[in-house]
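Residue-level listing of the chains:
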Amino acid sequence: MKITLLGTGTSQGVPLLGHPNDGLDLSEPKNWRNRACAHLVSDGAHIQIDAGPEFRLACLKYNVPAVDYFFLTHGHSDHILGMDDLRRFCDLRGGNAIPVWTTEEGKERVEAIFPYGLHPKSTQGYIALLPEIAPPDFTLPCGTRVQTILLPHGPRFVSLGMVFTEKKSGARLAYFTDCSDVPAEAIELARNVDILIIDALHRAPHPTHLNFEKALDAARTVCAGQTIFTHMTFRIDYARDSATLPERVALGYDGMTLRIGEE
Ligand SMILES: [Zn+2]
Ligand SMILES: [Zn+2]
């Protein structure tokens, strides 16, 4: 199993527009963050998690050759607005639609933004998407098991949390972004995963996201082999804040690649 973080930034991206971004070392490439999304290769299949506005550029920069399945954590702009660029990956599947698993709200947003793409087969190079509400436990045709759970994203939204288990290696990865809490059931689901990718906006508390303290609490109870923070604001500087983290916890950065269960 291999995951590449295509983006590790918050909804406005990093650096922040029209702002001095004081405290952030802009000469460090790891401080330039696309909107959060990730590309997972498991049992040979290419699984894309979210597609923000820089999705196309990130696919070029970090060599994403295909998308077989898509997971949309929720319908916020920073996760959904790059999905039109899945059209090329539909072409590569002979025009067959890309299955999309998401939440009820995510499905409504896909249907509202891409009404021209809701077909089993693409026509004239447009996207074709088959959005479905993600079941709690299912197996992808490639063999990878997917367990899902709804995470609170502030008082009014939920975000889809996912735990992927690769059939051939048994490697397990949890991806929990855009959450203000990690409920006990989600902790249980992710317990002892090899890799936990988790929302960690910045240090101050926030109503719709985990801050560092809450993300570290979740990391401790999940007891993952490695925990990687994502969806960070300009207030997080890679070198300065990395130095404060405990063992087995690290800041993510765009282009970061992790391999587990591979030779
Ligand atoms: Zn977001
Ligand atoms: Zn969000």
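Quick caveat, the model's predicted, so the values are computed rather than measured.

A. Highlighting the sheet that holds strand β1 (residues 2-7). One open sheet accounts for seven strands, arranged β6-β5-β4-β3-β2-β1-β14; its pairing is mixed. Edge positions in the open sheet fall to β6 (129-133) and β14 (257-259), since each of these has one partner strand only. Pairwise comparison of adjacent strand axes, ignoring direction, gives a mean angle of 20 degrees for this sheet. Here three bridges tie strand β3 (residues 45-49) to strand β4 (residues 69-71), and the two strands are oriented parallel to one another. Looking at β4, one finds that Gln48 is bridged to Phe70.

B. Broad picture of helix α6 (residues 212-222). Within α6, the full set of buried residues consists of Phe212, Lys214, Ala215, Ala218, Ala219 and Val222. Along the axis of α6, the buried residues cluster in a sector spanning 165 degrees; they form a single face. Elements that come into contact with the buried residues of α6 comprise α5 (184-190), β11 (195-199), β12 (226-230) and β13 (249-251). With its phi angle positive at about 65 degrees, Cys223 sits one or two positions after the end of α6.

C. View of the nonpolar core. Counting 74 residues, the largest nonpolar core has Ala38, Ile98, Leu173, Val193, Leu196 and Ile198 as the members making the most contacts within it. Broken down by element, the residue count for this core peaks at five residues, all from α6. Residues in contact with Ala38, not counting those within four places in the same chain, are Ile3, Thr4, Leu5, Leu6, Ile49, Tyr175 and Ile197.

D. Quick peek at unusual backbone geometry. Along the chain, Val14 connects to Pro15 via a cis peptide bond; the corresponding omega equals 0 degrees. Along the chain, Pro15 turns up in the loop between β1 and β2 (37-42). Even without being a glycine, Asn21 presents a positive backbone phi close to 50 degrees. Checked against the element boundaries, Asn21 lands in the loop between β1 and β2.

E. Spatial organisation of the sheet that holds β11. Strand order across the open sheet formed by seven strands is β7-β8-β9-β10-β11-β12-β13, with mixed pairing between neighbours. In this open sheet, the two strands that pair with only one neighbour each are β7 (137-139) and β13. This sheet shows a mean twist of 20 degrees between the axes of neighbouring strands, independent of strand direction. Bridge count between strand β8 (residues 145-153) and strand β9 (residues 157-165): nine bridges; the pairing is antiparallel. Bridge pairing links Gln147 to Val163 in β9. Strands β11, β12 and β13 of the sheet are contacted by α6, whose axis makes an angle of about 160 degrees with β11.

Conventions used here
Residues numbered from 1 in each chain as written. Chains lettered and ligands numbered in written order. Predicted model: local features only at pLDDT ≥ 70, side-chain atom pairs only at ≥ 80, totals over all residues. Pairing = 2+ DSSP bridges. Helix = DSSP H or I, 4+ residues; strand = E, 2+ residues; numbered from the N terminus. Axes fitted to C-alpha atoms, helices over the stretch in contact; angles between N-to-C directions. Buried ≥ 20, exposed ≤ 12 C-beta atoms within 10 Å, placed from the backbone. Arc of directions from axis to C-beta. Contact = placed C-beta atoms within 7 Å. Core = buried A, V, L, I, M, F, W, Y, C linked by C-beta atoms within 7 Å.

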